[in-house]
Amino acid sequence: NAGVTQTPKFQVLKTGQSMTLQCAQDMNHEYMSWYRQDPGMGLRLIHYSVGAGITDQGEVPNGYNVSRSTTEDFPLRLLSAAPSQTSVYFCASSDPGHPNQPQHFGDGTRLSIL
Amino acid sequence: AQKITQTQPGMFVQEKEAVTLDCTYDTSDQSYGLFWYKQPSSGEMIFLIYQGSYDEQNATEGRYSLNFQKARKSANLVISASQLGDSAMYFCAMRETDSNYQLIWGAGTKLIIKP
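As the structure is a prediction and not an experimental result, all values here were calculated from the model.

Peer 1: Where do I start with the side chain of B:Glu96 in this structure?
Peer 2: Residues and elements named next belong to chain B. With respect to the helices and strands, Glu96 occurs in strand E10 (residues 88-96). Among the residues examined, Glu96 registers a relative accessible area of 11% and is labelled buried. At 3.1 Å, the side chain of Glu96 forms a polar contact with the side chain of Lys3. Within the structure, the side chain of Glu96 is placed 2.7 Å from the side chain of Thr27, a separation counted as a polar contact. When neighbours within four sequence positions are excluded, Glu96 is seen to be in contact with Lys3, Asp26, Thr27, Asp29, Ser31, Tyr32, Gln102 and Ile104.

Peer 1: Explanation requested: the pairing of strand E12 (residues 109-114) of chain B in the structure shown.
Peer 2: Consecutive side chains of a regular strand alternate in pointing toward one face of the sheet and then the other. Residues and elements named next belong to chain B. What you see with E12 is a clean split: Thr109, Leu111 and Ile113 sit on the buried side and Lys110, Ile112 and Lys114 on the side with no burial. Two elements, strand E2 (residues 10-14) and E12, share 5 bridges in a ladder whose sense is parallel. Bridging across to E12, Gly10 finds its partner in Lys110.

Peer 1: Sorry, what's going on with the packing of aromatic side chains here?
Peer 2: We describe a pair of aromatic rings using the distance from one ring centre to the other and the angle between the two ring planes. All chains considered together, the criterion is met by 13 aromatic pairs over all chains. Seen from their ring centres, A:Phe105 and B:Tyr37 are 5.4 Å apart, and the 80 degrees between their planes marks the pair as edge-to-face. Taken together, the positions of A:Phe105 in strand E10 (residues 104-105) and B:Tyr37 in strand E5 (residues 32-39) put the pair across two chains. By relative accessible area, which is 11% here, A:Phe105 ends up buried. Grouping aromatic residues by their ring pairs yields a cluster made of A:Tyr35, A:Phe90, A:Phe105, B:Phe35, B:Tyr37, B:Phe47, B:Tyr50, B:Phe91 and B:Trp105. Its guanidinium or amino end placed over the ring of A:Phe74, A:Arg68 lies 5.9 Å from that ring's centre, counting from NZ or CZ. Over the ring of B:Tyr64 we find B:Arg63, and its NZ or CZ is 5.8 Å from the ring centre.

Parameters and conventions
Residues numbered from 1 in each chain as written. Chains lettered and ligands numbered in written order. Predicted model: local features only at pLDDT ≥ 70, side-chain atom pairs only at ≥ 80, totals over all residues. Heavy atoms only, no water. Helix = DSSP H or I, 4+ residues; strand = E, 2+ residues; numbered from the N terminus. Buried < 20%, exposed > 50% of the residue type's maximum accessible area, 1.4 Å probe, protein only. Polar contact = N/O pair within 3.5 Å; in protein donor to acceptor, adjacent residues only side chain to side chain. Contact = heavy atoms within 4.5 Å. Pairing = 2+ DSSP bridges. Phe/Tyr/Trp six-rings, centres within 6.5 Å; stacked < 30°, edge-to-face > 60°. Lys NZ or Arg CZ within 6 Å of the ring centre and 35° of its normal.

Dropping the structure here:
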């Protein structure tokens, strides 16, 4: 039971570098989302997708891009990393056809920007 | 205005005691869902329990139950017979009907169980 798989688990970047955080799910969920969690805080929505080819911005989208070419994959791109983007990033998925079902989370990516 | 409020930033509870974690919410929707998640120090997000706005009975899952008071817009999590392994952050979240399936999250409560 893979569920939601995020890679990498840890990453250190220099300011200005770009990178892609990978997220894949094998539950055929239409809804996928990316959150960031800063120390001692709750989750803030970055971007989300309600199906392949459809993405939208969340609460804190600046500095991030997403695409959804398949149901399974939802990568998050940092365009030019900044120290303010140091955070733990979570990918989640859910089945919108069953609103009482929870979002399933990956294990997170700990990202440090120097 | 915050849609999900968790008023207890941190709590200490003696092992084996019951604990109630508060969550109040604000919505004008008639149909919505409330979720509780646990985040241990290892960092993963673990789903605990769900309450739908039309559910007539309070949700229960093992040692977890929800004290759902719709008129007061509160959905407090009750953990019975607390264990050391219950020490974690606990988050309350709400999904509104017209929210495009997004969850709105509270800031969390850090629960520490004392032996």
